[in-house]
Amino acid sequence: MSSIINTKIKPFKATAFHQGKFVPVTEQDLAGKWAVVCFYPADFTFVCPTELGDLADFYAKFQEIGVEVYSVSTDTHFTHKAWHDASETIKKINYPMIGDPTGTITRNFGVMIEEDGLALRGTFVINPEGEIKVAEIHDLGIGRSAAELFRKVQAAQYVANHDGEVCPAKWTPGEATLAPSLDLVGKI
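I will try to describe carefully the structure that is included in this document. Source: prediction; values computed, not measured. (Residues numbered from 1 in each chain as written. Predicted model: local features only at pLDDT ≥ 70, side-chain atom pairs only at ≥ 80, totals over all residues. Heavy atoms only, no water.)

**With respect to helix H2 (residues 77–86)**
Working note: α-helix, 3.6 residues per turn, so residues spaced by three or four point in the same direction.
Next, step 1: Looking at H2, one finds that the buried residues are His 77, His 80, Trp 83 and His 84. Projected down its long axis, H2 carries its buried residues within an arc of 115°, all on one side. Structural note: H2 exposes Phe 78 and Ala 86 on the side pointing more than 90 degrees away from its buried face.
Next, step 2: Those residues of H2 that are buried are in contact with strand E1 (13–18), strand E2 (21–26), helix H1 (47–64), strand E4 (67–73), helix H3 (88–91) and strand E5 (97–99). (Buried < 20%, exposed > 50% of the residue type's maximum accessible area, 1.4 Å probe, protein only. Helix = DSSP H or I, 4+ residues; strand = E, 2+ residues; numbered from the N terminus. Arc of directions from axis to C-beta. Contact = heavy atoms within 4.5 Å.)

**Concerning the pattern of salt bridges**
Next, step 1: A full pass over the atoms with the stated rule returns nine salt bridges.
Next, step 2: In this structure, the salt-bridge partner of Arg 144 is Glu 51, at a minimum N-O distance of 2.8 Å. Of the two residues, Arg 144 sits in the loop between strand E9 (132–138) and helix H5 (146–161) while Glu 51 sits in helix H1, which places them 93 residues apart along the sequence.
Next, step 3: Accessibility expressed as a relative area gives 14% for Arg 144, which makes it buried.
Next, step 4: Given a relative accessible area of 4%, Glu 51 falls into the buried group.
Next, step 5: As a salt-bridge pair, Glu 148 and Arg 151 come within 3.0 Å of each other at their nearest N and O atoms. (Salt bridge = Lys/Arg side-chain N within 4 Å of Asp/Glu carboxyl O.)

**Considerations on the pairing of E4**
Next, step 1: Of all seven residues that make up E4, seven are buried, and the element is covered over most of its length.
Next, step 2: Residue alternation in E4 divides its side chains into two sets, Val 67, Val 69, Ser 71 and Ser 73 and Glu 68, Tyr 70 and Val 72, and both sets are buried.
Next, step 3: Relative to E4, strand E3 (residues 34–39) runs parallel, the two sharing six bridges. Bridge pairing in E4 links Val 36 to Val 69.
Next, step 4: For the segment spanning E3, H1 and E4, crossover handedness is right-handed.
Next, step 5: Pairing geometry for E4 and E5, over three bridges, is parallel. From the neighbouring strand, Val 72 faces E5, where its bridge partner is Ile 98. (Pairing = 2+ DSSP bridges. Right-handed = clockwise from strand over helix to strand, strands pointing away.)

Here's what the structure looks like:
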């Protein structure tokens, strides 16, 4: 399996349910800004609404640092609307919920479970140039944390803007970074 890190996202066309409307979404909509694409298996399930609700709770924070969030499943945009109308948790969502019934986007990111036609839990952070900087894929039963995702986005943005610096484990803004060099080898 080859790494998806630092590769450009592939072209796609889809329809999303977003703020009460059906809207077209393409890879061009992700261009020029930081984006998070969060794949999940299916609407009307169990772990998925806890994750999407957590993302909804953090959405304003993501927006404050210039990040758009997109959720994607192989359900249709119609199913996303029905779920939004039926679930108090999903009603909190203000980010686009992309329908991928053909599985094109899901396959593009390498998270399709072919025998089930569903996505694994995949999270991708994409820079303004359309390059994937973070890729995390979970099995179906393991939920994700929006707080940890937010921290990873902050680290990716910091590294992008500070050439020669890297962020250590659990780094948050304001904490010390590292400048890799021969002098640091074996001293951490």
